[in-house]
Amino acid sequence: MNREEIQAIVPHRAPMLLVDNVVCENGEAVGHYHVRGDEFFLQGHFPGNPMVPGVILCEILAQSACVLMQDALKAGQIPVYTGLDRVKFRSPVRPGDTVQTRCHIKRAKHPFYFAEGTVSVGDRLCVSAEFSFAITGA
């Protein structure tokens, strides 16, 4: 699924659409985002030593996971974060890195969805987390 297809599911648009592509297979979403270096969130984080803020890495993970809920979404509905738990930041992500997300839904009780996932660069684990969403709107 490319950025245009992802935009049909999530409400995010530039500069907050932070997933380049996502593939869903066997209940797992695998997404990618290439950190170009000119993103707004790198402008002051940190001068001379840029790294992607942890909250942005969590957002990239969430956007990847949202495609797993596409069948549960009706027109006008959006998934919104309701919680983050057991988040661990293990390694920095820097300009030039391509992050890979892996996530799956652990359980669901509509409109709530509970997921877990990771963010990696190559073989390097950068973030692990559990998180939840509520489908809101329409």
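Residues numbered from 1 in each chain as written. Predicted model: local features only at pLDDT ≥ 70, side-chain atom pairs only at ≥ 80, totals over all residues. Heavy atoms only, no water.

### Structural notes on the state of the cysteines
All chains considered together, the criterion is met by zero disulfides. Here Cys58 is not disulfide-linked; the sulfur of Cys126 is the nearest cysteine sulfur, at 12 Å. Taking relative accessible area as the criterion, Cys126 reaches 0% and is therefore assigned buried. (Disulfide = S-S within 2.5 Å. Buried < 20%, exposed > 50% of the residue type's maximum accessible area, 1.4 Å probe, protein only.)

### Some points on the nonpolar core
Counting residues in each nonpolar core, the largest one holds 36 residues, and the members touching the most others are Val52, Leu57, Val93, Val99 and Phe131. Elements with a contribution of two residues or more to this core: β2 (28-34), α2 (54-66), β4 (98-109), β5 (112-121) and β6 (124-137). Top element by residues in this core is α2. It accounts for seven residues. (Core = buried A, V, L, I, M, F, W, Y, C linked by side-chain atoms within 4.5 Å. Helix = DSSP H or I, 4+ residues; strand = E, 2+ residues; numbered from the N terminus.)

### Section: α2
Compared with an ideal rise of 1.5 Å per residue, which puts 13 residues at 18 Å, α2 spans 19 Å between its outermost C-alpha atoms and is within 8% of the ideal. The buried count for α2 comes to 11 of 13 residues, which makes it a mostly enclosed element. Taken together, the buried positions of α2 are Ile56, Leu57, Cys58, Glu59, Ile60, Leu61, Ala62, Gln63, Ser64, Ala65 and Cys66. Looking at the buried residues of α2, the elements they touch are β1 (21-25), β2, β3 (77-89), β4, β5 and β6. (Expected span 1.5 Å × (residues − 1). Contact = heavy atoms within 4.5 Å.)

### Considerations on the packing of aromatic side chains
For the coordinates displayed, the defined rule picks out four aromatic pairs. Between the aromatic rings of Tyr81 and Phe133, the centroid separation amounts to 5.6 Å while the plane-to-plane angle is 5 degrees, which identifies the pairing as stacked. Linking Tyr81 in strand β3 with Phe133 in strand β6, this pair joins segments that are 52 residues apart in sequence. Residue Tyr81 is classed as partly exposed on the basis of its relative accessible area, which comes to 29%. Aromatic ring contacts, followed pair by pair, group Tyr81, Phe131 and Phe133 into a single cluster. Here the guanidinium or amino end of Arg107 rests over the ring plane of Phe114, the centre of that ring lying 4.0 Å away. (Phe/Tyr/Trp six-rings, centres within 6.5 Å; stacked < 30°, edge-to-face > 60°. Lys NZ or Arg CZ within 6 Å of the ring centre and 35° of its normal.)

### Here's the deal with the confidence of the model for the chain
Averaged over every residue, the pLDDT of the chain is 95; the share at 70 or more is 99%. When pLDDT is averaged over each element of the chain, β2 comes out on top at 98 and helix α1 (residues 3-7) at the bottom at 94. (pLDDT = per-residue confidence, 0-100.)

### Quick look at the pattern of salt bridges
Taken as a whole and assessed by the stated rule, the structure comprises eight salt bridges. As a salt-bridge pair, Asp20 and Arg3 come within 3.2 Å of each other at their nearest N and O atoms. Of this pair, Asp20 sits in the loop between α1 and β1 while Arg3 sits in helix α1, placing them 17 residues apart in sequence. What makes Arg3 partly exposed here is its relative accessible area of 29%. Between Asp85 and Arg86 there is a salt bridge; the shortest N-O distance is 3.4 Å. What makes Arg86 exposed here is its relative accessible area of 57%. Connected through salt bridges with shared partners, the residues Asp85, Arg86, Lys106 and Glu130 form a single ionic network. (Salt bridge = Lys/Arg side-chain N within 4 Å of Asp/Glu carboxyl O.)

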